[in-house]
Amino acid sequence: MTKVPSLPAKRLTRGLVTGALALTVGLATWMGSARPTQDSLSLISGPLPAQAAISQLRVTYAARLAGVRIGTGVFSVNMNGDRYTASISARTSSVGRLVSQGQGEAVARGVFSRRSAVPVSYDLSASEEDLTNVVRMRLSRGDIRELSAEPPLSEHPNRVAVTRQHIRDVVDPVSALLMPVPNIESAAGPAACDRTIPMFDGRQRYDLALSFVRMEDVQFGNGQAAVCRLRYQPIAGHRTNRRVNQELAANPNIYVWLSQIGDAALVAPVRMEVGLNFGTLSIQALDFAAQ
């Protein structure tokens, strides 16, 4: 029987669940509105190996914690040549002391390089019980040029300060779900996992280091998925004494399944698992439609 956490443990549980969700599908979610300028897109765009007969992707996910369904999310992408607009909308349900009810949406816009999505804008709007979270970022060549986050990070002696260096060459949590590979053949093999994602969510900077584990048959994409081990590496904006950061950074049991999008040299998550001491958090694609 799963032990129900105490109230202090609930905060840890919520932090672990929210953090784990944000690392991948982002069911702790967001929303966007502003459109990047033509000039800002043309400055950083490059040839995309994923330029095939694929213009849209829609994935519906379900999240479960210890076997209990706790939320759903929809990841939608529109692609036009090397440009993309990606959005996530999601909702979590209240499950006793384990998970709080929340909802939100996010939008990221940008262009593809040969190794990553390069965002030019990211907007998030989310709510959880009586808490709200709003983030707005504008970027150029992967560097943050404009940033607002409400509420702002609180001052704390154990918090690692975010400096200008930390917000250069970064990717937002939505754009990070779109992962180009060198060629179409690489979409079904170790190259899908061969990456470290330099993530900045508006408050915290961290790396997501992926490494190849094995191939598995799946019902989505091209029928196969590369299973990658994911390691969370906090860099700045976090509090070094917070147990949630320590737990996630030390956790060797975080895996993500990446499958090809249509016939493009591009992969996206179809499953994620996070082993926690009170059960497994899983995020599973229910449908994966590319056209």
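Preceding block: the structure.
Residues numbered from 1 in each chain as written. Predicted model: local features only at pLDDT ≥ 70, side-chain atom pairs only at ≥ 80, totals over all residues. Heavy atoms only, no water.

Engineer: Describe the nonpolar core, naming the residues involved and giving the relevant values.
Structural biologist: Counting 72 residues, the largest nonpolar core has Phe75, Leu178 and Leu210 as its most contacted members. Looking at this core element by element, the count peaks at seven residues for strand 13 (residues 266-276). Here Leu210 is in contact with Met179, Cys193, Arg195, Ile197, Cys228, Arg229, Leu230, Val256 and Leu258, once residues within four sequence places are set aside. (Core = buried A, V, L, I, M, F, W, Y, C linked by side-chain atoms within 4.5 Å. Buried < 20%, exposed > 50% of the residue type's maximum accessible area, 1.4 Å probe, protein only. Helix = DSSP H or I, 4+ residues; strand = E, 2+ residues; numbered from the N terminus. Contact = heavy atoms within 4.5 Å.)

Engineer: Which residues make up the state of the cysteines, and what values go with them?
Structural biologist: Scanning the entire structure with this criterion turns up one disulfide. A sulfur-sulfur distance of 2.0 Å marks the disulfide that ties Cys193 to Cys228. Disulfide Cys193-Cys228: torsion about the S-S bond near -75°, hence left-handed. With Cys193 in the loop between strand 8 (179-180) and strand 9 (195-200) and Cys228 in strand 11 (residues 224-236), the pair connects residues that are 35 residues apart, well separated along the chain. Across the pair, exposure class does not vary: Cys193 and Cys228 are buried alike. (Disulfide = S-S within 2.5 Å.)

Engineer: Account for the environment of His238, with residues named and values stated.
Structural biologist: Looking at where His238 falls in the secondary structure, it is placed in the loop between strand 11 and helix 3 (243-250). On a C-alpha basis, the gap between His238 and Ala161 in space is 8.1 Å, while along the polypeptide they are 77 residues apart. Look past the residues within four positions of His238 in its chain and what remains in contact with it is Asn158, Arg159, Val160, Gln204 and Asn245.

Engineer: Now, about the pattern of salt bridges: what can you tell me, with residues and values included?
Structural biologist: Scanning the model with the defined rule gives seven salt bridges in all. The salt bridge partner of Glu247 is Arg243, with a shortest N-O separation of 3.1 Å. Residue Glu247 and its partner Arg243 are both found in helix 3; the two are separated by four residues, about one turn of the helix. The partly exposed category is assigned to Glu247, whose relative accessible area is 29%. On the basis of relative accessible area, Arg243 is assigned to the partly exposed category, the value being 47%. Glu273 is the partner of Arg271 in a salt bridge, and the nearest nitrogen-oxygen pair spans 2.4 Å. Overall, Arg271 belongs to the partly exposed group, its relative accessible area being 21%. (Salt bridge = Lys/Arg side-chain N within 4 Å of Asp/Glu carboxyl O.)

Engineer: Give me the lowdown on the side chain of His166, citing residues and values where you can.
Structural biologist: In this structure, His166 sits in the loop between strand 7 (143-150) and strand 8. Within the structure, His166 has its side chain in polar contact with the backbone oxygen of Ala161 (distance 3.5 Å). Among residues more than four places away in sequence, those in contact with His166 are Ala161, Arg205, Ile235 and Ala236. (Polar contact = N/O pair within 3.5 Å; in protein donor to acceptor, adjacent residues only side chain to side chain.)

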